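Each chain, letter by letter, is given below.
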Amino acid sequence: MLNDVNSHAPDGQPWRITVLRNANGMLATFMDWGATWLSARVPMQDGTVREALLGCATPSDYLHQDAYLGATVGRYANRIAGAKLNKLNRQLVANQGAHQLHGGPEGFDKRRWQIVSQSESEVHYRLDSPDGDQGYPGNLIADLHYQLDDQNCLSIRYEVRCDQPCPVGLTNHAYFNLDAHHGDARQHRLQLHADHYLPVDSEGIPNAPLKAVAGTSFDFRQGKVVAQDFLADDDQRAVKGYDHAFLLNSAGDDTQPAAELWSEDGRLQLSVTTSAPALQFYSANYLAGTRAREQASYTAFQGIALESEFLPDSPNHAEWPQPDCWLQPGDCWESVTRYRFTPR
């Protein structure tokens, strides 16, 4: 893996790879381009090591995929309808039809992040985003900390400041396959601690108020195999896969569970906690053809993304029951998400 680490990124500089280790022998690997989470290698109870994260074979391969594999996305994760901040009457740079997705065509996933410090257990990245970047107002500074503890928990902590009012919502776009990349990840079992999800149209833009999950295929409150109810709901976008935001019951309390994911073989569990108000559950519906670490390319549905964030298009929906996504000058936007891997 990563056998071209001595090659160069688009800015002419080499990739900078950081490996975090804990007392259990778990390894988490990152690179400064896109502040990308490359790998999560978890020691199993039978003495084997299981790769739990989808990724590419080399750093340069990440330049030739549009799935945001493991990347840090921003300034604003998910979609902004019409690529417009309505209350400022300000147009952003569109990159998904008329809309903006994950911060624009040259978002934070396509930047060199500065390594401020690193150790065996933590790496601290920083990015400066100038006024007008991808259409957004204000000069912004983002700090990102990845930390791996001895409980196999990878924590991601963001601290962001901006000198003008601006919507901010960074996330990590990791894709998990707890069966070591094998098979259809829709055979994983998922529990989401969320009573409501946000309906969207065919372009992923919200088109209705928040809807109760009860009685729909979006009800994961008790935990179920992801593929279980594909044909049981009138929302046809859920027939083959999911790409929807769920408003968490924990209401931003990062001490309460947000989600649990279990491998098909039941031998590895992922637990998620977050201070973010929502999780975007994406079942990799459009992953087919993406360059892969273990094979030529991934197939659709080979991973599960659980992205901690605000609801999509939140800058234009102050009425939704979540904290304000607009960062004000003098304030600091902070968010933390923890992914804990537990062998069974």
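Refer to the structure above for everything that follows.
Caption draft 1: Quick peek at the nonpolar core. The biggest cluster of nonpolar side chains holds 67 residues, and the ones touching the most others in it are Trp37, Tyr146, Phe176, Phe281 and Phe341. Beyond its immediate stretch of four places on either side in the chain, Phe176 contacts Trp37, Ala52, Leu53, Leu261, Leu270, Gly303, Ile304, Tyr339 and Phe341. Ranked by size, the runner-up nonpolar core spans 17 residues in total, among them Met31, Trp33, Tyr175 and Leu287.

Caption draft 2: Main features of the side chain of Asp143. If you trace the backbone, Asp143 turns up in strand 12 (residues 140-148). A polar side-chain atom of Asp143 sits 2.7 Å from a polar atom in the side chain of Arg126. For Asp143, the residues in contact, after removing those within four places along its chain, are His124, Tyr125, Arg126, Arg157, Tyr158 and Glu159.

Caption draft 3: View of the side chain of Arg111. Relative to the helices and strands, Arg111 resides in the loop between strand 9 (100-101) and strand 10 (114-118). Exposure remark for Arg111: the relative accessible area of 15% places this residue in the buried category. Side-chain polar atoms of Arg111 contact the backbone oxygen of Glu106, separated by 2.4 Å. Contact partners of Arg111, with chain neighbours within four places excluded, come to Asp32, Trp33, Gly34, Glu106, Leu127, Asp133 and Gln134.

Thresholds applied
Residues numbered from 1 in each chain as written. Predicted model: local features only at pLDDT ≥ 70, side-chain atom pairs only at ≥ 80, totals over all residues. Heavy atoms only, no water. Core = buried A, V, L, I, M, F, W, Y, C linked by side-chain atoms within 4.5 Å. Buried < 20%, exposed > 50% of the residue type's maximum accessible area, 1.4 Å probe, protein only. Contact = heavy atoms within 4.5 Å. Helix = DSSP H or I, 4+ residues; strand = E, 2+ residues; numbered from the N terminus. Polar contact = N/O pair within 3.5 Å; in protein donor to acceptor, adjacent residues only side chain to side chain.

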